[in-house]
Amino acid sequence: MTADNTKNAENAKSAKNTPGHCVDEDAPVVVRLSTTVDAPLATVWALHTDIGSWADWNPDIESVDFGGPLAPGASFRWLTHGLDITSTIREVVPGERIVWGGPAHGIEGVHVWTFEENGEETGEGTVTVRTEESWAGAPVEERPEEMREALRQSLESWLGRLRSEAERRR
């Protein structure tokens, strides 16, 4: 591990304990999923963090307005599943981790994505993408099972589309 990677890993570990940089473990809904992508890390990361282009490869996202930069504090507005959402980037560890969140329609969401390049034992040249998201707020408390299933389906779809597009581009 290089000094830069060691520093990034230390920063990511520290950020996991910083409020807003991890999911809300006490939220009524928390969903965690992962997939393995047969594409280089640079391809997967570039695709996923090109926020303004999400609607080009993910039909669940109708539109995105993002002027950048890809940095904490930057916000983007997006329309997905009929919901108009404004999210704020809370953390970026290039090639490793991105976190965003914010309120939308009475739901406070925190979304964490991590990217890990795999070695020989798990498939060299592949990337494990992990996503976890928490939802809290009155609408979630009223219908937690329904909301959990909606979020699970949305994240499964997103991971599948990310995998398909990254593998197409490799």
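What counts and how
- Residues numbered from 1 in each chain as written.
- Predicted model: local features only at pLDDT ≥ 70, side-chain atom pairs only at ≥ 80, totals over all residues.
- Heavy atoms only, no water.
- Helix = DSSP H or I, 4+ residues; strand = E, 2+ residues; numbered from the N terminus.
- Buried < 20%, exposed > 50% of the residue type's maximum accessible area, 1.4 Å probe, protein only.
- Contact = heavy atoms within 4.5 Å.
- Areas by Shrake-Rupley, 256 points an atom, 1.4 Å probe, with all protein chains shown as cover.
- Salt bridge = Lys/Arg side-chain N within 4 Å of Asp/Glu carboxyl O.
- Phe/Tyr/Trp six-rings, centres within 6.5 Å; stacked < 30°, edge-to-face > 60°.

A. Structural detail: the overall build of the protein. Each helix and strand in the protein was counted, giving five helices and seven strands. Along its sequence from the N terminus, the protein presents helices and strands in the succession α-β-α-α-β-β-β-β-β-β-α-α. Classification of the 170 residues of the protein by burial places 43% in the buried group. Restricting the contact set of the protein to residue pairs at least 6 apart, pairs at least 24 apart contribute 53%. Within the structure as shown, the protein displays about 8,800 Å² of accessible surface, and the carbon and sulfur contribution to it stands at 48%.

B. The pattern of salt bridges, seen in detail. This structure, assessed with the given rule, holds 14 salt bridges. For aspartate 60, the salt bridge goes to arginine 161, with nearest N and O atoms at 3.7 Å. Taken as a pair, aspartate 60 in the loop between α3 (54–57) and β2 (61–65) and arginine 161 in helix α5 (residues 144–169) lie far apart in primary sequence, 101 residues in all. Here arginine 143 makes a salt bridge to glutamate 146, at a shortest N to O gap of 3.1 Å.

C. View of the packing of aromatic side chains. Within this structure, the stated rule accounts for twelve aromatic pairs. Where tryptophan 54 meets tryptophan 78, the ring centres are 5.4 Å apart and the plane angle is 70°; that geometry is what we call edge-to-face. Of this pair, tryptophan 54 sits in helix α3 while tryptophan 78 sits in strand β3 (residues 75–80), and the two are 24 residues apart along the sequence. For tryptophan 78, a relative accessible area of 8% puts it in the buried group. Judged by centre distance (6.0 Å) and plane angle (40°), the ring pair of phenylalanine 76 and tryptophan 78 falls under tilted. Counting every residue linked through ring pairs, the aromatic cluster contains Trp54, Phe66, Phe76, Trp78, Trp100, Trp113 and Trp158.

Functional significance is not addressed by these values, which are geometric in nature.
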